Amino acid sequence: MKHLVVLSGAGISAESGIKTFRDADGLWEGYDVMEVASPIGWEKKPELVLKFYNDRRRQLLEVKPNTAHKTLKELEKNFKVSIITQNVDNLHERAGSKNVLHLHGELLKSRSTKNEKLIYDCDKDIMLGDKAEDGGQLRPHIVWFGEAVPEMHKAAKIVETADILLVIGTSLQVYPAASLIDYLPDGKPIYIIDPKRHEDRLLDHVHFIEDTACNGIKEFADLMSK
Ligand code: OAD
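Calculation rules
- For every chain, the first residue of the written sequence is number 1, and numbering continues from 1 along that sequence.
- The predicted origin of the model limits local features to residues at a pLDDT of at least 70 and limits the giving and counting of side-chain atom pairs to 80 or more, whereas totals for whole chains, interfaces and linings rest on all residues.
- Excluded from the side-chain calculations are hydrogens and water; all other atoms, namely the structure's heavy atoms, are used.
- A cutoff of 4 Å decides nearness: a residue is near a molecule or strand if any of its heavy atoms lies inside that distance of it.
- Polar contact criterion, stated in full: a pair of N or O atoms within 3.5 Å, where within protein one must be able to donate a hydrogen and the other to accept it, and residues adjacent in sequence count only if both atoms are side-chain atoms.
- Throughout, the Shrake-Rupley method with a 1.4 Å probe supplies accessible areas, and for residues the shown protein chains are the sole cover considered.
- Gly is put with the polar residues, along with every residue not named as nonpolar or charged; the nonpolar set is Ala, Val, Leu, Ile, Met, Phe, Trp, Tyr, Cys and Pro, and the charged set is Asp, Glu, Lys and Arg.
- Domain delimitation in this document rests on an assignment produced automatically or drawn from a domain database.
- A simple rule labels every residue: compare its accessible area, found with a 1.4 Å probe on the protein chains alone, to the largest value its type can have, and call it buried under 20%, exposed over 50%, or partly exposed in between.
- Where helices and strands are cited, they refer to DSSP runs of H or I of at least four residues and of E of at least two residues respectively, numbered from the N terminus.
- Note that the arc is defined by the directions from the helix axis to the C-beta atoms.
- A contact between two residues is defined here by any heavy atoms of the two lying within 4.5 Å.
- Criterion for a salt bridge: a side-chain nitrogen of Lys or Arg within 4 Å of a carboxyl oxygen of Asp or Glu.
- A pair of Phe, Tyr and Trp rings is counted when the ring centres sit within 6.5 Å of each other, with Trp represented by its six-membered ring. The angle between the planes then sorts it: under 30 degrees is stacked, over 60 is edge-to-face, the rest tilted.
- To form a nonpolar core, buried Ala, Val, Leu, Ile, Met, Phe, Trp, Tyr and Cys residues must be joined to one another through side-chain atoms within 4.5 Å.

Draft legend 1. Spotlight on the site of the ligand. Residues in close proximity to the ligand total 24 residues, the closest being Arg-22, Thr-170, Ser-171, Asp-194 and His-198. In the model, an oxygen atom of the ligand is placed 2.8 Å from a nitrogen or oxygen of the His-104 side chain. Asp-194 places a polar side-chain atom, nitrogen or oxygen, 2.6 Å from an oxygen atom of the ligand. Burial of the ligand by the protein amounts to 94% of the accessible area it has alone, namely 790 Å². Split into classes, the residues belonging to the shell around the ligand amount to 9 nonpolar, 10 polar and 5 charged. Of the residues that make up the shell around the ligand, three or more belong to each of domain 1 (1-17 + 65-104 + 149-226) and domain 2 (19-62 + 110-142).

Here it is in structure tokens:
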């Protein structure tokens, strides 16, 4: 079986109703990124940060996986599929995908501010005063700007073993995640599904499917069945 590695971003969940970060109506609108997604923001305004992620978590419980998430699950019939996602939602898992690695953390987890390895399941709001068992304030289990990406090494190793790389719904603006495409062995094809071209990251051997995730994934699945 060929190894299909998928790098997904906010765009794959857009048609489920979760806004992307950098589109015109993206989440960052109205919120200063550094206020809600950085250790400095957390230090200055923890209530605002908790509210931001509590809202995202509540929304996640109301949305569903879409055709793109579901088709990636179906592709497991003919491929070994590994998904590396920058998304903090759980829509890949809810569509049934077996191998999902979260690069930027997970909304449905919290962790101790004192110990990044003390992680808990979390489907409720996190409030100031909610403590981990080590006495540390609980915070969202999200990788913020300026923090290390602990799963990066594992993700790079997965891309190194890919026969095909599918990049779907990501602007490839955020590093180190965007550098993962550079780990693909020479000569292996990259497919990008996105309604917008991001020219600066386009390489010669990229097959571009200029469409939304739900439409583009059908074209991709057709190509893979030939
Ligand atoms: P972005 O918001 O930067 O990019 C979303 C991409 O999805 C863009 O290229 C859009 O053109 C595309 N898009 C929009 N609608 C789409 C649709 N219906 N189908 C397919 N694609 C669509 O989001 P990411 O690249 O995921 O980090 O952002 C990377 C990281 O930036 C996020 O993980 C987040 C943020 O900082 C953290 O939260 C730590």
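Draft legend 2. Seen up close, helix 5 (residues 67-74). Looking only at helix 5, the buried set comprises Ala-68, His-69, Thr-71 and Leu-72. The arc that holds the buried residues of helix 5, viewed along the axis, is 165°, so those residues lie on one side. In this fold, the buried residues of helix 5 make contact with strand 1 (2-8), helix 1 (11-14), strand 2 (79-85), helix 6 (91-94), strand 7 (164-168) and helix 8 (213-224). Its side-chain oxygen 2.8 Å from the backbone nitrogen of Ala-68, Asn-66 forms the N-cap of helix 5.

Draft legend 3. View of the pattern of salt bridges. By the definition in use, this model includes 11 salt bridges. One salt bridge in this structure joins Lys-73 and Glu-76, with 3.0 Å as the shortest N-O distance. The residue Glu-147 makes a salt bridge to Arg-139 at a minimum N-O spacing of 2.9 Å. The class of Glu-147 is partly exposed, set by a relative accessible area of 23%. When its relative accessible area of 5% is taken as the criterion, Arg-139 is described as buried.

Draft legend 4. How the structure looks around the packing of aromatic side chains. Evaluation of the coordinates by the stated rule reveals 5 aromatic pairs. Judged by centre distance (4.9 Å) and plane angle (90°), the ring pair of Phe-52 and Tyr-53 falls under edge-to-face. Grouping residues by exposure puts Phe-52 and Tyr-53 together as buried. Between Tyr-53 and Trp-144, the aromatic rings sit 6.4 Å apart at their centres with planes inclined by 35°, giving tilted as the arrangement. Of this pair, Tyr-53 sits in helix 4 (residues 46-60) while Trp-144 is found in the loop between strand 6 (138-142) and helix 7 (152-160), placing the two residues 91 residues apart along the sequence. Each member of the pair, Tyr-53 together with Trp-144, is buried. Each member of the aromatic cluster is reached from another via a ring pair, and the members are Tyr-31, Trp-42, Phe-52, Tyr-53 and Trp-144.

Draft legend 5. Representation of the nonpolar core within the structure. By size, the foremost hydrophobic cluster in this structure holds 23 residues, and its most contacted members are Ile-84, Leu-103, Val-167, Leu-180 and Ile-190. At the level of secondary structure, the elements contributing two or more residues to this core comprise strand 1, helix 7, strand 7, strand 8 (190-193) and strand 9 (206-209). Here the element with the most residues in this core is helix 7; it accounts for 4 residues. Each residue touching Ile-84, except ones within four places of it in the same chain, is listed here: Val-5, Val-6, Leu-7, Ser-8, Leu-101, Leu-103, Ala-155, Ile-158, Val-159 and Leu-180.

Draft legend 6. Quick look at the environment of Asp-89. Residue placement: Asp-89 occurs in the loop between strand 2 and helix 6. Owing to a relative accessible area of 6%, Asp-89 belongs among the buried residues under this scheme. A C-alpha to C-alpha distance of 25 Å links Asp-89 and Asp-182, two positions 93 residues apart in sequence. When sequence neighbours within four positions are dropped, the list of residues in contact with Asp-89 reads Ser-13, Ile-18, Leu-60 and His-102. A distance of 2.7 Å separates the side chain of Asp-89 from the side chain of Ser-13, its partner in a polar contact. Within the local environment of Asp-89, its side chain forms a polar contact with the backbone nitrogen of Leu-91, the two atoms lying 3.0 Å apart.

The analysis is restricted to geometry; functional conclusions fall outside its scope.
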